[in-house]
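Reading the structure
For reference, the chains in residue letters:
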Amino acid sequence: GCLLDVWHQLPAGPSGGVPLEELASRFNGQDHPLVSIGGASPQDALNHFLKSFEVKGNRPNSVSFDKFADYYADLSAAITDDAYFAGIVLSNWARP
């Protein structure tokens, strides 16, 4: 689906994961539910996204597709409309 489409547009590093710095530079939190519903800033949405990959307070150098998908699985648990969810995913990775 749309999650794989987005993943395949991201540049994979040598390990097959996408460098965290690359994810951070490409993430667009403007339409993230934390912003559109929760009143957070796009920067807060980015911080939330990046923090989700931390293990014991340490951020990894790269993120695997499984971890990327886990983030969106958690996000989708609160969203019942598939089209709305797909729109969020696509807008998070839309290039300005």
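The text that follows walks through the structure, step by step, so that each part is easy to find. Everything numeric in this text was worked out from a predicted model, so none of it was measured. (Residues numbered from 1 in each chain as written. Predicted model: local features only at pLDDT ≥ 70, side-chain atom pairs only at ≥ 80, totals over all residues. Heavy atoms only, no water.)

**Considering the overall build of the protein**
- Tallying secondary structure elements over the protein gives six helices and two strands in all.
- In terms of C-alpha radius of gyration, the protein reaches 13 Å, essentially the compact-globule figure of 12 Å for 96 residues.
- If one aligns the C-alpha atoms of the protein with their principal axes, the spans along those axes are about 35 × 30 × 25 Å.
- Classification of the 96 residues of the protein by burial places 33% in the buried group.
- Residue pairs at least 24 apart in sequence account for 56% of intrachain contacts in the protein once pairs closer than 6 positions are excluded. (Helix = DSSP H or I, 4+ residues; strand = E, 2+ residues; numbered from the N terminus. Rg over C-alpha atoms; globule rule 2.2 N^0.38 Å. Buried < 20%, exposed > 50% of the residue type's maximum accessible area, 1.4 Å probe, protein only. Contact = heavy atoms within 4.5 Å.)

**Description of the pattern of salt bridges**
- Here the structure, examined in full by the defined rule, presents three salt bridges.
- Two residues, Glu54 and Arg59, come together in a salt bridge whose shortest N-O distance is 3.1 Å.
- Here the salt bridges share partners, and the residues they tie into one network are Lys51, Glu54 and Arg59. (Salt bridge = Lys/Arg side-chain N within 4 Å of Asp/Glu carboxyl O.)

**Structural notes on unusual backbone geometry**
- Positive phi values are uncommon outside glycine, yet Lys56 reaches one of about 55 degrees.
- Turning to its location among the elements, Lys56 is positioned in the loop between helix H4 (42-51) and strand E2 (62-63).

**Notes on the packing of aromatic side chains**
- Taken as a whole and judged by the stated rule, the model has 13 aromatic pairs.
- A ring pair is formed by Phe27 and Trp93, whose centres lie 5.5 Å apart and whose planes are at 75 degrees; its orientation type is edge-to-face. You can see Phe27 sitting in the loop between helix H2 (20-26) and helix H3 (33-36) and its partner Trp93 sitting in the segment after helix H6 (82-92), a full 66 residues away along the chain. Residue Phe27 shares its accessibility class with Trp93, and that shared class is buried.
- Here Phe53 and Tyr71 contribute two aromatic rings whose centre-to-centre distance is 6.4 Å and whose plane-to-plane angle is 40 degrees, an arrangement assigned as tilted. Of this pair, Phe53 sits in the loop between H4 and E2 while Tyr71 sits in helix H5 (residues 65-76); the two residues are 18 residues apart in sequence, bridging distant segments of the chain.
- With a relative accessible area of 5%, Tyr71 lands in the buried category. (Phe/Tyr/Trp six-rings, centres within 6.5 Å; stacked < 30°, edge-to-face > 60°.)

**Re H4**
- Three or more residues of H4 are buried, namely Ala45, Leu46, Phe49 and Leu50. Down the axis of H4, the buried set is contained in an arc of 130 degrees. They therefore lie on one face.
- Where H4 is buried, its residues contact H2, H3 and H5. (Arc of directions from axis to C-beta.)

**Side note on the side chain of Asn92**
- For Asn92, the location among the structural elements is in helix H6.
- Classification of Asn92 as buried rests on a relative accessible area of 0%.
- Only 2.8 Å separates the side chain of Asn92 from the side chain of Tyr72, close enough to count as a polar contact.
- Contacts of Asn92, omitting those with residues within four sequence positions, involve Arg26, Phe27, Asn28, Gly29, His32 and Tyr72. (Polar contact = N/O pair within 3.5 Å; in protein donor to acceptor, adjacent residues only side chain to side chain.)

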